[in-house]
Amino acid sequence: MATITDIARTLDISTATVSRALNQSRLVTSDLAEKINRTAEELGYKKRSIRRHRGRAILNIKLVLPRHREAERTLFYDFAALIEGVRNGFKLCGINLLCETQSPDFEPYPHKKGGDISGFIFAFNRPSPATLKQMREFGTPFVILNRDIPGLPCVASENAQGMADLLDHLIPSRPGLKPAFISINGLGQIGEERLSGLASACEKNGIAFDPEKDVLQLEDIASITSQNIVPLAQSYNALIWVNDIVGTVVLTELDRLGFSVPEQIAVTGFDDSPVRKLSRPLLTTVSMPVSELGQAAAARLESEIIEHREAAPILRVKGRLVPGEST
């Protein structure tokens, strides 16, 4: 009896594409689907039931990780939590998880005919136009983690809601709240979403905040110096940092300069990243639910591959407020 592999070999395409076409996935063009079905009939292929397929399927999932130029960016999240979340998200089938790093030379299909890759997860980075083109040609499902890119399937944190939760936490304990938002270059959309979330929350609560005047954009971690920290500490009573890494660095700088946290000034971070545990006083933050993000991305891929269902373009996963001693 002919198999999916026989059909793929005959047409010189990937088995993943053949499988989707035979299961009437809209990810395969009508012309190619017709060609695949005609070849399957000619070879005498008999389709197995979806229930049997679900029980026996082993998917090859490629997890693509970012390669940062700045060493501190590797402290953003717990890699093990991401792996566990991805594995826990696949419930209807087994997976072989293949990990690679994104680079200018990244090749999604290093082997002929796609290498039998069933799906991709791009964690904290986005595929290049060339990679997108190849994945679409092979009809391979993919998910982009922690980004919101129009027209592409994404699973992202609730960045705006997280900032609103931080503000709600600060208001009762900080009369006459006067916040400043500080970010660093290179965070792109994530930094923009967090700033927008803070601005909206301030407006909702009647707190004065100017997204132009009350924001400081730093070049990098090394730019956190007494020259820019002192004016902030003298002008505001709450410093809301874009993430835990810069928040932890500034706590050390404030202590060196003689400012008392949280008595004189409150400080917050974001992400509940591993580096937060080193902060003194312990930084108040909002968790970036890495495990849940991985699990949601996996569940989305599984639904698309096994159940042949299409999900919404963007799925948001909410983190939780993690109070510390810095507020």
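This text follows the structure it describes.
Residues numbered from 1 in each chain as written. Predicted model: local features only at pLDDT ≥ 70, side-chain atom pairs only at ≥ 80, totals over all residues. Heavy atoms only, no water.

## What to know about the sheet that holds strand 1 (residues 58-65)
With respect to topology, 6 strands assemble into an open sheet ordered 2-1-3-4-5-11, the strand pairing being parallel. Both edges of this open sheet fall to strand 2 (94-101) and strand 11 (314-317), since each of them pairs with a single strand only. Here the average twist between neighbouring strands, direction ignored, is 20 degrees. Bridging between strand 4 (residues 142-145) and strand 5 (residues 154-157) involves 2 bridges; their strand directions are parallel. Note on strand 5: the bridge partner recorded for leucine 145 is valine 155. (Pairing = 2+ DSSP bridges. Helix = DSSP H or I, 4+ residues; strand = E, 2+ residues; numbered from the N terminus. Axes fitted to C-alpha atoms, helices over the stretch in contact; angles between N-to-C directions.)

## Comments concerning the packing of helix 1 (residues 4-11) against helix 3 (residues 30-43)
Running from N to C, helix 1 and helix 3 cross one another at 120 degrees; their axes reach a closest spacing of 10 Å. Of the two possible hands of crossing, helix 1 and helix 3 adopt the one that is right-handed. Contact with helix 1, carried on its side by Asp6, Ile7, Thr10 and Leu11, involves Lys35, Ile36, Thr39, Ala40 and Leu43 of helix 3 and no other residues of that element. Among the residues forming the contact of helix 1 with helix 3, the class breakdown is 5 nonpolar, 2 polar and 2 charged. (Left-handed = near helix turned anticlockwise from the far one by under 90°. Contact = heavy atoms within 4.5 Å. Nonpolar A, V, L, I, M, F, W, Y, C, P; charged D, E, K, R; others polar.)

## Focus: the environment of serine 14
As for its position among the elements, serine 14 is in the loop between helix 1 and helix 2 (15-22). When its relative accessible area of 3% is taken as the criterion, serine 14 is described as buried. In this structure the C-alpha to C-alpha distance between serine 14 and serine 118, which are 104 residues apart in sequence, comes to 9.5 Å. There is a polar contact of 2.9 Å between the side chain of serine 14 and the side chain of threonine 17. (Buried < 20%, exposed > 50% of the residue type's maximum accessible area, 1.4 Å probe, protein only. Polar contact = N/O pair within 3.5 Å; in protein donor to acceptor, adjacent residues only side chain to side chain.)

## Focus: the sheet that holds strand 8 (residues 238-241)
Spatial ordering of the open sheet is given by 7-6-8-9, a layout of 4 strands whose pairing is parallel. Of all the strands in the sheet, the pair left with one neighbour each is strand 7 (215-218) and strand 9 (266-268). The average undirected angle you get between the axes of adjacent strands in this sheet is 20 degrees. When strand 8 meets strand 9, the two strands line up parallel, connected through 3 bridges. Following the sheet pairing, alanine 238 is matched in strand 9 by alanine 266. This element, helix 9 (residues 226-235), spans strand 6 (179-184), strand 7 and strand 8 of the sheet and lies at about 165 degrees to strand 7.

## What to know about the packing of aromatic side chains
Applying the stated rule across the entire model yields 4 aromatic pairs. Where tyrosine 109 meets phenylalanine 120, the ring centres are 5.6 Å apart and the plane angle is 90 degrees; that geometry is what we call edge-to-face. Note that tyrosine 109 is positioned in the loop between strand 2 and strand 3 (119-123) and phenylalanine 120 in strand 3, a separation of 11 residues in sequence. The pair tyrosine 109 / phenylalanine 120 is uniform in exposure class, with both members buried. Seen from their ring centres, phenylalanine 120 and phenylalanine 122 are 5.9 Å apart, and the 20 degrees between their planes marks the pair as stacked. Assigned by exposure class, phenylalanine 120 and phenylalanine 122 land together as buried. (Phe/Tyr/Trp six-rings, centres within 6.5 Å; stacked < 30°, edge-to-face > 60°.)

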